[in-house]
Amino acid sequence: MTVRVVVGLDGAVHDPGAPLLAADDLAAVRGDGVFETLLVRDGVVREERAHLDRMARSAAALGLPEPDRDAWRRCIATVREQWARTAGVGGGAGAGAAPELVVRLLLSRGREGGSTPTGWATGSPVTPAVADQREAGVSVLRLERGLPSDLASRAPWLLLGAKTLSYAVNMAALRHAVALGADDVIFTSTDGAVLEGPTSTVVVARGRELVTPPVETGILPGTTQQALFRAAGQAGFTCTVGRVEAAELTDAAAVWLLSSVRLLARVHTLDGVVLPRAEPAAALTAELASLLA
Ligand code: PLP
């Protein structure tokens, strides 16, 4: 993802190619901060409130001051304005040329030794790989997360369920999957439950019932999953939050990875084996994608 717009939480517009942080900023030194990734589609910021709510919960989990929502909303608006202004420049990446924009919000604890938190936002285009995965689906490996599914409430210091800047493990899991010829990962717990992807929520179909694992398992509450369940519930699907067994994925009516930018990607292959019922699963995917749109 190439960053084309950078805006400070104070509203200052920065050169996207220039250094932004002090060398001792705790985002860089410790991964000590939180972030959110939002999709702007056809000029609409999707799930803005849900993202800001989650950012506030993540910040609370890290003991950071409560984010100033109005400042973040203004910051998002400035990213969009800058994006629109640069339309047609440098290969036509702006709103006039592309209907989608990825906005990332980043909040660091600030500089080592004490300072106010550092906040900034970036604007980037949606990559072709993302568009591909929405269409074609993904091949996924189940990988052990190494934690039991009931650990989160006993171990708040692990920050399970907070969207922290410490994503190195998640990125390593993705690289591991790619090295083995897959696109993505579903993490499983030591007691055999489905958790989440490194950057996505898992949803499974049991007939016309959609099921997603509970946040009590230490997963991130997904804004896309919540939006899907709202829309699908109104469209007559039964939407359930409950334990999903890692073993049931091979035989589910359909399995998806959901996230703000990719939206909905069907899992077509699991641990190297093509999942059965590809046709009905693809039809269900198209139905849910249109509900989500
Ligand atoms: N789980 C993790 C670990 C994530 O990083 C993400 C998003 O990046 C999600 C789930 C999906 O969340 P959302 O749908 O709000 O993007």
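On a predicted model such as this, the values are computed, not experimentally measured, just so you know.

What counts, and where the lines are drawn
Residues numbered from 1 in each chain as written. Predicted model: local features only at pLDDT ≥ 70, side-chain atom pairs only at ≥ 80, totals over all residues. Heavy atoms only, no water. Helix = DSSP H or I, 4+ residues; strand = E, 2+ residues; numbered from the N terminus. Buried < 20%, exposed > 50% of the residue type's maximum accessible area, 1.4 Å probe, protein only. Near = heavy atom within 4 Å. Polar contact = N/O pair within 3.5 Å; in protein donor to acceptor, adjacent residues only side chain to side chain. Pairing = 2+ DSSP bridges. Contact = heavy atoms within 4.5 Å. Axes fitted to C-alpha atoms, helices over the stretch in contact; angles between N-to-C directions. Lys, Arg positive; Asp, Glu negative; His and termini not counted. Salt bridge = Lys/Arg side-chain N within 4 Å of Asp/Glu carboxyl O.

A look at unusual backbone geometry
- Unusually for a residue other than glycine, Leu263 sits at a positive phi of about 65 degrees.
- Note that Leu263 resides in strand β13 (residues 263-270).
- Taking the relative accessible area as the measure of exposure, Leu263 reaches 8% and is therefore buried.

Structural notes on the site of the ligand
- In the vicinity of the ligand, 17 residues are found, and the nearest of them are Arg54, Tyr167, Thr223, Thr224 and Ser260.
- In the model, an oxygen atom of the ligand is placed 2.5 Å from a nitrogen or oxygen of the Thr224 side chain.
- Contributing elements (two or more residues each) for the shell around the ligand: α2 (48-61), α6 (223-234) and β12 (254-259).

Quick look at the sheet that holds strand β3 (residues 33-41)
- Read from one edge of the open sheet, six strands run β2-β1-β6-β5-β3-β4, paired in antiparallel fashion. Looking at the sheet topology across the chains shown, the edges are occupied by β2 (13-14) and β4 (44-45).
- As paired strands, β3 and strand β5 (residues 100-108) are joined by nine bridges and run antiparallel to one another. Looking at the pairing, Val34 lines up with Leu107 of β5.
- The strands touched by α2 within the sheet are β3, β4 and β5, with β3 carrying the most contacts at an inclination of about 175 degrees.

A look at the side chain of Arg46
- For Arg46, the location among the structural elements is in the loop between β4 and α2.
- Within the buried set, Arg46 has no salt-bridge partner at all; the shortest N-O distance to an opposite charge, 5.6 Å, is to Glu47.
- Look past the residues within four positions of Arg46 in its chain and what remains in contact with it is Leu38, Leu39, Arg41, His51, Leu263, Leu292 and Ala293.

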